[in-house]
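# Coordinate inspection notes
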Amino acid sequence: MNGKPNLKQYNCCLDYGGFDDEERDADIYGLHLIYQYSCAQEDNFYDPAAFIQSYAIPERMIKEAYKMFEAEGEFFYIGRSKIHN
């Protein structure tokens, strides 16, 4: 899906906890795909944590979810002296 050859097709998940580049790129792609679906459904999430919980996205993606929401400029986050809107 990311246009890269799958060199690890049989052992890609043996050490997934290491979050290798191929899997990371695929996870980020999937995160954005789910976000687009969410927007099309007019779910209107303003908190990345609520978004990943609602769509059962693994918690290892929380930092990427915050980056994505911040890039979209559509969330409010109050904490650690930051407010995004």
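Our subject is the structure that appears above.
One structure accompanies this document, and this report is about it. (Residues numbered from 1 in each chain as written. Predicted model: local features only at pLDDT ≥ 70, side-chain atom pairs only at ≥ 80, totals over all residues. Heavy atoms only, no water.)

Further remarks concern the packing of aromatic side chains. As enumerated under the stated definition, the model contains seven aromatic pairs in all. Centre to centre, the rings of Y35 and F51 are 6.0 Å apart; their planes meet at 75 degrees, and the pair counts as edge-to-face. Here the residue Y35 occupies a position in helix 1 (residues 21-40), and F51 occupies one in helix 2 (residues 48-54), the gap between them amounting to 16 residues. An identical accessibility class is assigned to Y35 and F51; each is buried. On the basis of relative accessible area, F51 is assigned to the buried category, the value being 0%. One aromatic cluster in this structure is built from Y35, Y37, F45, F51, Y55 and F69. (Phe/Tyr/Trp six-rings, centres within 6.5 Å; stacked < 30°, edge-to-face > 60°. Helix = DSSP H or I, 4+ residues; strand = E, 2+ residues; numbered from the N terminus. Buried < 20%, exposed > 50% of the residue type's maximum accessible area, 1.4 Å probe, protein only.)

Here we take up helix 3 (residues 62-72). Within the sequence span of helix 3, burial applies to E64, A65, M68 and F69. When helix 3 is viewed along its axis, its buried side chains cluster within an angular range of 135 degrees and face the same direction. Of the residues in helix 3, the exposed ones pointing more than 90 degrees away from the buried face are K63, K67 and A71. (Arc of directions from axis to C-beta.)

Glancing now at helix 1. Owing to its 3.6 residues per turn, the α-helix aligns residues three or four sequence positions apart on the same side. Taking 1.5 Å per residue as the helical rise, helix 1 with its 20 residues ought to reach 28 Å, and the 29 Å between its terminal C-alpha atoms agrees with that figure. Buried residues of helix 1: E23, D27, L31, Y35 and S38, and no others. End-on view of helix 1: buried residues confined to an arc of 115 degrees, all on one side of the axis. Facing away from the buried side of helix 1 by more than 90 degrees, the exposed set consists of D21, Q36 and A40. Just beyond helix 1, the residue with positive phi is E42, at close to 60 degrees. (Expected span 1.5 Å × (residues − 1).)

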